[in-house]
Every structure is written in C-alpha cells, then in structure tokens.
2 protein chains.
Amino acid sequence: MVWLVGKEDPRRAIHSLKVGLALTLVSFLYLLEPLFKGVGDNAIWAAITVVVVLEFTAGATLSKGLNRGLGTLLAGSLAFFVELMAGKAGKVGHAIFIGISVFLVGAASTYLRFFPWIKKNYDYGVVIFLLTFNLITISSYRIHDVLFIAQKRVCAMAIGCGLCLLMSLLVFPIWAGQDLHDTTVSKFQALAKSIQACVHEYFQDPDNKVVGAESSEDPIYNGYREVLDSKSTDESLARFASWEPRHCYRCPWQQYVQLGAALRYLAYTAVALHGCLESEIQTPLFLRALFKPQCTKVSEEISEVLADLADGIKNRCHRPYNDLSDRLHSALQSLNSTLKSQPRLFLNAEDGGVPLRLSHQRSSHCQGAAAANVSLPFLKIDEWRVKRVRSWSKDSDQRRMLRPTLSKIFMTSLEFSEALPFAAFASLLVEAVARLEHVMEEVEELGRSAHFQEFVANEETKSKVVINGDGGRSRGKLSSHGVGDSAE
Amino acid sequence: MVWLVGKEDPRRAIHSLKVGLALTLVSFLYLLEPLFKGVGDNAIWAAITVVVVLEFTAGATLSKGLNRGLGTLLAGSLAFFVELMAGKAGKVGHAIFIGISVFLVGAASTYLRFFPWIKKNYDYGVVIFLLTFNLITISSYRIHDVLFIAQKRVCAMAIGCGLCLLMSLLVFPIWAGQDLHDTTVSKFQALAKSIQACVHEYFQDPDNKVVGAESSEDPIYNGYREVLDSKSTDESLARFASWEPRHCYRCPWQQYVQLGAALRYLAYTAVALHGCLESEIQTPLFLRALFKPQCTKVSEEISEVLADLADGIKNRCHRPYNDLSDRLHSALQSLNSTLKSQPRLFLNAEDGGVPLRLSHQRSSHCQGAAAANVSLPFLKIDEWRVKRVRSWSKDSDQRRMLRPTLSKIFMTSLEFSEALPFAAFASLLVEAVARLEHVMEEVEELGRSAHFQEFVANEETKSKVVINGDGGRSRGKLSSHGVGDSAE
C-alpha cells in the first residue's frame, strides 16, 4: 500500500521529502543561535506557515502563499485602522468597539466567501484575513505594542512563505500547468482506447467473448471514467496553473478546461455506446456483421484522430485540421453508403397501407418465424429488473444460433424494433464524430492561443505528395490517371 | 450581486451571522476581566480555532473539530515522547534530535496525506498533527515548560471547538445530511423536467419553435447539468454527513452517493437524447410524428416516475416499486407495438437480393424523389464543421415542407439511414427506461436501509382497491366484470 502510493506517482515521495526538508530548514531559525537572535520567538510562525502553505504543485503553493500574504496585509491595515478609532474611546468603549468590529468583519468576510469568484480564487486569503484581523484586534486590547509584535510575526511568516516558494519553484518543481497538460493528453488516449474497445466488443461474437472481465477492470469503463471524473481536477489544476509564472504569457489554461468539457461531451457518447453493449435488447449478430467493416473503420478513425490529437498536444504542435477531418469524413461516408445500400424501410401511410403490408406478409414466407423471434427482445424488458447483466442468457444464445440460417433465406423481413438497437449504435457513432469535430475545434483553438508549433510530418513521402499538388486529391488523381487527364 | 448570493440560499446569511456571533463570544474570553483571568493570553487560540473550524454544515464543523482535536492530541503525545528522548542528550544532541524528528515526521505525515482513505477523512487532522508537533517540538528547545503552555493552549482550543460545535449543532443547524437529501430530491426533479422537455422539443415543429432560447438558459441543459456536476458535491456532503449525529444510525449516506451515480448514468442518456435534438441529421418530422404519442407517453412516464421517486425520497416513504415499474413497462410496450406495427425493414441477403430490390424500386414511384432528398442528410455532414448549430437552415426547412406531401402518397420508401436518427432517439428512450430501473433499484435500496415508511396512498379509493384484492389486477377485473366472473 505504502509502496503503491509512491509508485503510482513518484512525485508524491519527492514532495514529502521536500516538506520534511523545508520544515527542518525552518526549524533552524529556532535551533541555531545566530538565526534565533535575528528572528526570536516568532520563528514559530515561519514553521506554521511552511506547514500550511507548502502544497503539492507550485501553483497551489503560490496561490496559498500570495493569498496568505495579501490576507495578512489587508487584515493588518484594517486592524490598524480599527485600533486607531477604538483607541480614542475609553476602556469600556474600546471593548465594545472591538466586539462590534469583530462581529461585523467576521460576518461580512464569511458572507464574502460564498461569492463564486472569491470562493474560487481567494477563499484561503479571506480565512487568513479574518484570522489575522481577529488576532491583532483582540490582542490590541491588552497588549499595547501589538502592531510591533504583528510586524515581527509578519516578518517570520514572510520568511516561511519565501522558503515555501523557493522549495516549490526551484527544488524539483511540480507544475500544475504541466500536470494539466499531461492529464489532458492521457484523457485523449484513454478515450481513444475506450471507444475502440467498445466498437470492437460490439461486433464480437458473444460466444468467443471472455466473460470474466470485471466491470472495474473494464478498459471501456476505465477509459471514459477518467474523462467523466475530470471536471473538478481540471478546474483546480487550471486555477493553480494560472498562478504559475512559467509559460504564463502563452498558456491559456481556461482553454484546457474548455477542451476538457468538449472531451467530456464526447465521453457521454462513449457511455451511451457502452450502454448499447450492455443492453439486453440486441440486434442479431448477422445484421450487425453487415456493417462491421464500416463501423470498425469509423471507430478506428475516431481513435486515431484522438491519438493524433493527443500526440499533437503532447509535443505542443499543430496538427493540420483538415487532414484529420477528411479521414473521419471518408470513413463516415463509407458507413453512410453501406447503410443506404443495405436495408430499406417501408412506411405505410395512414390512408391505405394495409393492402401492401398484406402482400408483403404473403411474399416473405419466413415472416412468421421472424415475428416469433422478433417479439422476444421487447418481452425481455420485463426480465430486466431481475438481471440487467452482460452475461448472455441461454435463450439469447439460441436466438443468435437461429439468425445465420434466416439470413440464408432469399430475403429476410426484420421488424423496425429489432434493427433499432443497431441504428442507435450507428447513430451514436455518427454523433461521436460530430462531437469529435467539436473537440478538434477546441484543440485548434488551444493550439492557436498557446502558439503550438506547426506540425511537420515525419514521413518524407507525405510531404512530397503535398508539394506535388494539393494533398489527398492529388493522390486520387494519380491512382486514376486516365480520368485525371481528361479532367485537367 | 450581494443580494443574489443570499437570496439563492438564505442559510448563507445565517451562517455568516453565526460566525460573527461566535467570534464575538470568543473575543469575550479576552475582553471580559473574569474570563481573561481564567484563560489568559491563550484565549487567542480559541479565536483561531473558531475561524478555522466553524464551517457551513454541522458535519463539516464536526469533522474539522474532531480532526483538530485528534491531530492535536496525537501530536502532543508524540512530541512529549520525542521530548523525553531528546532531553537525555546534550544541547547539541537535542538540536540534532529535533531536526531529524521534524524531518521524519514532516515527510511521513505529508506522504500519509496521499493515501486516498486518509485524504478523504483525515486530511485536515494530519495537517493539524504536523502543525502542533512542530510547534511543540521546536518550542521545547528553548522553552522548558512547553508542555504546560501546550496544555493551556489545548484548553483554549477545546473552548473554541466546543463553541463551534454548540453554534453549528444548536443554533440554526445546517445539516449536510439534510442538504444531501434535498439536493438528491432536486436532482430527480431537474432530470424529470429535462427529459420531458427534451422529448417535447423533439416532436415540436421547428417552425413554431422559439429560437431565442440561449443554451445557458436551456431547461434541458440545466436539468441534466445539475445531475452531471453533482459527483464531488455529493461525495463531500456524504462525507460530512457521516460525521453528523442526527439519524446516524439509520441514514446510509453512501447509498445516496450510489443513487447519485445511478442518476448520473441516466443523465448521460439524457445528454445523448439532447444530442439527437442538436444533430444536423434529422428524421423527417412526418415520420417522427407517427411515434409522437407513444414516445411522449414514455417520456411522461419517465418524468412522472422520477417525480414520484423524488416525492418518495422527500417524504421519506417507500413507493411501491411494482406500480411505478408497471406503468413504465406498459408505456414501453405501447411504443414497442407501434414500432412493430409501422415500418418494416427488408434486408437483402447477399446471394439474391437484387431482383426484389429492383421490383421495389419499380413499385414505389416516389422512389426517385425520396432518394434525392434522402441523400441530403449525410451530405450535410460536410457542413458540420461550418455550422453545427440548432438554427434550422432554409434548406432543411424546405425538406420538411416536402415531407407532408410525400406522406400522402400511398406508400413511401425511406432509406435506413434516414430513419436512423429517430431509431437512435427511440432506442435511447428505451435505454433511459432501463437506467431508470437501475435508479429505482437504488431508491428501493435506499428506502430499505434508511427505513423509509411504507407509502400510504392519499386517495381512499386506491387503498380500498388494494384491500379488495391484489392491486392493479383486481381493478382490471372490476372493469370487465363479466369476464372476471368466469375466471373466478
């Protein structure tokens, strides 16, 4: 357990050692005679500051340190002002004045903490403000050189803060911005894997499937869960990153958060796709198999685009948007043309649909058998409450056994309701492409505002083709030379 | 702005006043002579404790207060032990011993904070432990009655903690458990509205639609967003609630978190349904209209079941599970039978599909016109990158104008690809019902483990029927008396 926590992220061990080191250094203020003479008893406040301010990432430490500094200074000023006002009143007046001001400042600053903008950026600062204000104001009633003491304490705190900043910025710094960047890349990769695994499993023969996989170790589930759960982490990392000096002039952290949101919307579609797998109602395998190459192609393209985008972000370079987009669309077009070429749907208008329906029923002699099978999936809904599981019931296995023989028959009649689940699956894939477009736009925007470098293709061949003509189209012309000739 | 924050949740104003009051009370320790004589200078630590410990909910305050107490006690014990060990060494040995122990304890306890279980429940306690340990150990080098001072400070802190607990438990207490309960109810209601609005909009004529609605004020979006974003809030509320004494023996807060997760899964389906609305590819309105009553019925049932569940949770009573479930299933059955009765899908087997397809093309004379229209939706994919918006292009308006005339024709041929979006929509509705079942199970589980009361119907009629026979079935018998007679 102890080992695992460190193995998962070795920076944790480094951070722990950093805290230990910082505390030891700060304790020297107290332990070493010359240093103690300089700072005195208040050295203890430096230690308190280190414990409270030194956080995992540099951004968080900076945010806390600056919040602490700002809060302390503001509180000191206000306390000084109150002290000035209250000093003129008598002993009793002084006490009443302090009581009232403590009440008002306490209530007001607590209320302030509910403002979303304050809560997001300055919550800790307000707490420190309130703490320091109370400390100084209350003490001032009995101690008369309170401002002198406060001054010394602020100095000690400044030493503590300075040490924290040094430790977090210079000694093995852990940047929240880098973290945000890396988690964004890993989210892309996880989602790519998830979608591909999902489509792969959809077209897999359930008989050959490994049933033992637990839901918690499911690659599909783990992939999109990482994306779904990322909201608060992303936001806090972006918040901390915005305090960090490094890259600050060119890293639009909020764009990462927006990209995360776009990715999350894609992940919702992945969840819905996963739902298609887990649903008890399934389109028969032979029908699914008709569209397998095209659907797999689309999912592969989605995964590849996601992986390419991840690479692009990782190396901070711009991928040519149209290249990715064109590949997606050609895959989509091929799925579309297959969908259009295969099944045909007949609608009966209200006024006279009956005769033709009857003739259909006559013409397709397997109708009865199909109808008998077809009523199954929706009847099965009733069983959901008992077992909405992925284990395939014997009953449905038998159904699947029947299918291949049915498809051998000249023409097969299928209920709309039976094709429904596959239609949903295909439609969700299309929807996933649409949302991926949105993700690509956000990546484009990120690349623009973070000044990513232009992507330079590694393969010389590709760039040559680009020089020759205009990318994809010129390749098409080369392959069909005769036709290209006449066109030119 | 100031007004809005308070209006949104008046408890915020109450909490602010409570903090002000608590601070004033604690400042009396310093301001009033008799109290000051008892506590002395250390009264200031009581004020610090109040600022840091008094949180919005009672659970959070308890959690922080107990963490603080525990951390302080443990740190005190360890510091005492270290002091005992170090005291035997000489002056220099003492300093070295302190330095090493500060380093080790600092590194170890920081590492401890990365353990998920510690991070979740005792993060603040570990910080306080580290703080107090350093305070005592470092001070002990120069101050010899440090344990006496520490004792006095702990007393002052105990006073502060006690005041905080009194304030948060007795004066207008805000229970995290109640909050969790209420937000769960409101999530159900929001999701119910969202799904109903979504289905309603799907079947609405785009011409009559109000286009002006912004995405941020969209009832659909707002409804499911509340659920989607609830994870971290739920978890922290459950964590705080588990510290609260009230109902603690019978409120399974983790069950609320699980219920929230189930609800979130339903919300993902709502997002996908919303995606169907926003998609550029749309099934023609006349086809959608065929299924409008059934789909609307299903969505209404979903919303009603959600609202009923919300009511049940709100009033802490058990709804009879089967009643809700039966209603859902009858709606689903009616959708299913409509889906089955309406369109029919013909699959061409590879070996000989051509002849019949040709005959179909001959028989349906509107084929050409339909195909021309039909190729539109997928061509439109290319335009996505330009405008993936909900505003309806003129082009698609014209398409929709054409549809009604087409449906007048005796029989209409439709491409599979054109029915796809509706199929996805219907399938998602079915999926939503499946996930709702899961939500119902979780509510059932919640009701069981929280010992909700049995639901007693308000309408006397209903309870009478229940007494007469066995619920729904007996009503069926009464209405068809003649048939019922023969059956009995």
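The structure under discussion appears in the preceding block.
Residues numbered from 1 in each chain as written. Chains lettered and ligands numbered in written order. Predicted model: local features only at pLDDT ≥ 70, side-chain atom pairs only at ≥ 80, totals over all residues. Heavy atoms only, no water.

### Description of the overall build of chain A
Working step 1: Across its full length, chain A carries 23 helices and four strands.
Working step 2: Within chain A, the proportion of its 488 residues that are buried is 53%.
Working step 3: When contacts within chain A are restricted to residue pairs at least 6 apart in sequence, those whose partners lie at least 24 apart make up 82%. (Helix = DSSP H or I, 4+ residues; strand = E, 2+ residues; numbered from the N terminus. Buried < 20%, exposed > 50% of the residue type's maximum accessible area, 1.4 Å probe, protein only. Contact = heavy atoms within 4.5 Å.)

### Describing the packing of aromatic side chains
Remark: the centre distance and the inter-plane angle together describe each pair of aromatic rings, the angle taken between the planes.
Working step 1: One pass over the structure, following the stated rule, counts 25 aromatic pairs over all chains.
Working step 2: Measuring from ring centre to ring centre gives 5.1 Å for A:Y268 and B:Y268, while their planes differ by 25°; the resulting arrangement is stacked. Here the residue A:Y268 occupies a position in helix 13 (residues 253-278), and B:Y268 occupies one in helix 13 (residues 253-278), the pair thus bridging two chains. Comparing A:Y268 with B:Y268, the two get one shared label, buried.
Working step 3: Measuring from ring centre to ring centre gives 5.6 Å for B:W253 and B:Y256, while their planes differ by 25°; the resulting arrangement is stacked. Of the two residues, B:W253 and B:Y256 are both situated in helix 13; the distance of three residues between them amounts to about one turn of the helix. Here B:W253 and B:Y256 have matching classes, each one buried.
Working step 4: Each residue in the set A:Y265, A:Y268, B:Y265 and B:Y268 is aromatic and connected to the rest through ring pairs, giving one cluster.
Working step 5: Above the plane of the ring of B:Y141 lies B:K91, whose end atom (NZ or CZ) is 4.9 Å from the centre.
Working step 6: The ring of A:F36 carries the charged tip of B:R142 above its face, separated from the ring centre by 3.8 Å. (Phe/Tyr/Trp six-rings, centres within 6.5 Å; stacked < 30°, edge-to-face > 60°. Lys NZ or Arg CZ within 6 Å of the ring centre and 35° of its normal.)

### Details of the pattern of salt bridges
Working step 1: One pass over the full model with this rule turns up 30 salt bridges over all chains.
Working step 2: Residue B:E8 pairs with B:R12 through a salt bridge whose shortest N-O separation is 4.0 Å.
Working step 3: A relative accessible area of 17% places B:R12 in the buried class.
Working step 4: Shared partners join several salt bridges into a network, and the residues in it are A:K297, A:E301, A:E304, A:D308 and A:R327. (Salt bridge = Lys/Arg side-chain N within 4 Å of Asp/Glu carboxyl O.)

### Notes on the packing of helix 2 (residues 11-31) of chain A against helix 4 (residues 43-53) of chain A
All names here are of chain A.
Working step 1: Running from N to C, helix 2 and helix 4 cross one another at 170°; their axes reach a closest spacing of 8 Å. Taken together, helix 2 and helix 4 sit at an angle that is classed as roughly antiparallel. Between helix 2 and helix 4, the residues in contact are A22, L23, V26, L29 and Y30 and A43, I44, A46, A47, V50 and V51, respectively.
Working step 2: For the contact of helix 2 with helix 4, the class distribution of residues is 11 nonpolar, no polar and no charged. (Axes fitted to C-alpha atoms, helices over the stretch in contact; angles between N-to-C directions. Parallel < 35°, antiparallel > 145°, perpendicular 65-115°, else oblique. Nonpolar A, V, L, I, M, F, W, Y, C, P; charged D, E, K, R; others polar.)

### Focus on the packing of helix 10 (residues 176-202) of chain B against helix 15 (residues 292-314) of chain B
Residues and elements named next belong to chain B.
Working step 1: Where helix 10 meets helix 15, the axes come as close as 9 Å, and the angle between the chain directions of the two elements is 170°. As the angle between them shows, helix 10 and helix 15 are arranged roughly antiparallel. For the pair formed by helix 10 and helix 15, the contact residues are H181, T184, V185, F188, Q189, L191, A192, I195, Q196 and V199 on the first element and C295, T296, S299, E300, I302, S303, L306, A307, L309, A310, I313 and K314 on the second.
Working step 2: Residues that form the contact of helix 10 with helix 15 fall into these classes: 13 nonpolar, seven polar and two charged.

Geometric descriptors of this kind do not, in isolation, establish any biological role.
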